[in-house]
Amino acid sequence: CLLGISKPRLLRMMQIGFLVSLPIQSYEERNGEQNVPVVVECDELSFRFCAEGRAFYKNARVEELDADIGDICSIISDLEGAIMRDVEGRIVRYVPDVLTWCDAVAEL
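Before going into details, it helps to say that this report is about the structure given with it.

Thresholds, definitions, all that
Residues numbered from 1 in each chain as written. Predicted model: local features only at pLDDT ≥ 70, side-chain atom pairs only at ≥ 80, totals over all residues. Heavy atoms only, no water. Helix = DSSP H or I, 4+ residues; strand = E, 2+ residues; numbered from the N terminus. Buried < 20%, exposed > 50% of the residue type's maximum accessible area, 1.4 Å probe, protein only. Contact = heavy atoms within 4.5 Å. Core = buried A, V, L, I, M, F, W, Y, C linked by side-chain atoms within 4.5 Å. Patch = residues over 30% accessible without salt bridge, like charges linked within 9 Å, V, L, I, M, F, W, Y side chains within 5 Å. Areas by Shrake-Rupley, 256 points an atom, 1.4 Å probe, with all protein chains shown as cover. Salt bridge = Lys/Arg side-chain N within 4 Å of Asp/Glu carboxyl O. Phe/Tyr/Trp six-rings, centres within 6.5 Å; stacked < 30°, edge-to-face > 60°.

Section: unusual backbone geometry
For step 1, the next point in the chain: Although it is not a glycine, Glu52 adopts a positive phi angle of roughly 50°.
For step 2, the next point in the chain: Inspection of the secondary structure assignment puts Glu52 in the loop between strand S5 (46-51) and strand S6 (54-58).
For step 3, the next point in the chain: The class of Glu52 is exposed, set by a relative accessible area of 82%.

Have a look at this one:
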């Protein structure tokens, strides 16, 4: 189905997952609307949306990537936040001592 289609791309969008992106080859008039993109129709691809001159699709492989990898950036971001809150909690315990040391050094 994708043979002969130039410049396909695989990308990942936050909260949408992995997508196959193909350039929009042409536009047509449909139901009185001008410049409606003509999207590739194929049993292997499920059309999702168009943006910036490209049409975005899902297929079995990208669904597999979504299931295996998922929204990895969100998972990493959540873990980073948890680590930073833990570090902050550990540091806050020493704030009174640090302030006391600062006052002592300032008097020198």
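Read on for the rest.
Some details on the environment of Val62
For step 1, the next point in the chain: Checked against the element boundaries, Val62 lands in helix H1 (residues 60-68).
For step 2, the next point in the chain: Taking relative accessible area as the criterion, Val62 reaches 1% and is therefore assigned buried.
For step 3, the next point in the chain: Separated by 43 residues in the primary sequence, Val62 and Leu19 place their C-alpha atoms 6.2 Å from one another.
For step 4, the next point in the chain: Residues in contact with Val62, not counting those within four places in the same chain, are Leu10, Phe18, Leu19 and Val20.

Concerning the nonpolar core
For step 1, the next point in the chain: One finds Phe18, Val20, Leu22, Ile24, Cys42, Leu45, Ala55, Tyr57, Val62 and Leu65 forming the largest nonpolar core, which totals ten residues.
For step 2, the next point in the chain: When contributions to this core are tallied by element, the ones reaching two or more residues are strand S2 (17-23), S6 and H1.
For step 3, the next point in the chain: Per-element tally for this core: the top contributor is S2, with three residues.

Structural notes on the environment of Ala55
For step 1, the next point in the chain: With respect to the secondary-structure elements, Ala55 resides in strand S6.
For step 2, the next point in the chain: C-alpha separation for the pair Ala55 and Pro23, spaced 32 residues apart in sequence, amounts to 6.2 Å.
For step 3, the next point in the chain: Not counting residues up to four positions away in its chain, the partners in contact with Ala55 are Val20, Ser21, Leu22, Ile24, Val39, Phe47, Phe49 and Cys50.

Section: a nonpolar patch on the surface
For step 1, the next point in the chain: Together, Ile69, Ile72, Ile75, Ile76 and Leu79 make up an exposed nonpolar region whose accessible area comes to about 420 Å².
For step 2, the next point in the chain: Position of Leu79 relative to the elements: it lies in helix H2 (residues 72-92).

What to know about the packing of aromatic side chains
For step 1, the next point in the chain: One pass over the structure, following the stated rule, counts two aromatic pairs.
For step 2, the next point in the chain: Taken together, a centroid distance of 5.7 Å and an interplanar angle of 70° make the contact between Phe47 and Tyr57 edge-to-face. Of this pair, Phe47 sits in strand S5 while Tyr57 is found in strand S6, placing the two residues ten residues apart along the sequence.
For step 3, the next point in the chain: Residue Phe47 is classed as partly exposed on the basis of its relative accessible area, which comes to 39%.
For step 4, the next point in the chain: For Tyr57, a relative accessible area of 1% gives the class buried.
For step 5, the next point in the chain: Centroid distance Phe49 to Phe56: 4.7 Å. Interplanar angle 20°. Geometry classified as stacked.
For step 6, the next point in the chain: Residue Phe49 is classed as partly exposed on the basis of its relative accessible area of 25%.
For step 7, the next point in the chain: With a relative accessible area of 8%, Phe56 lands in the buried category.

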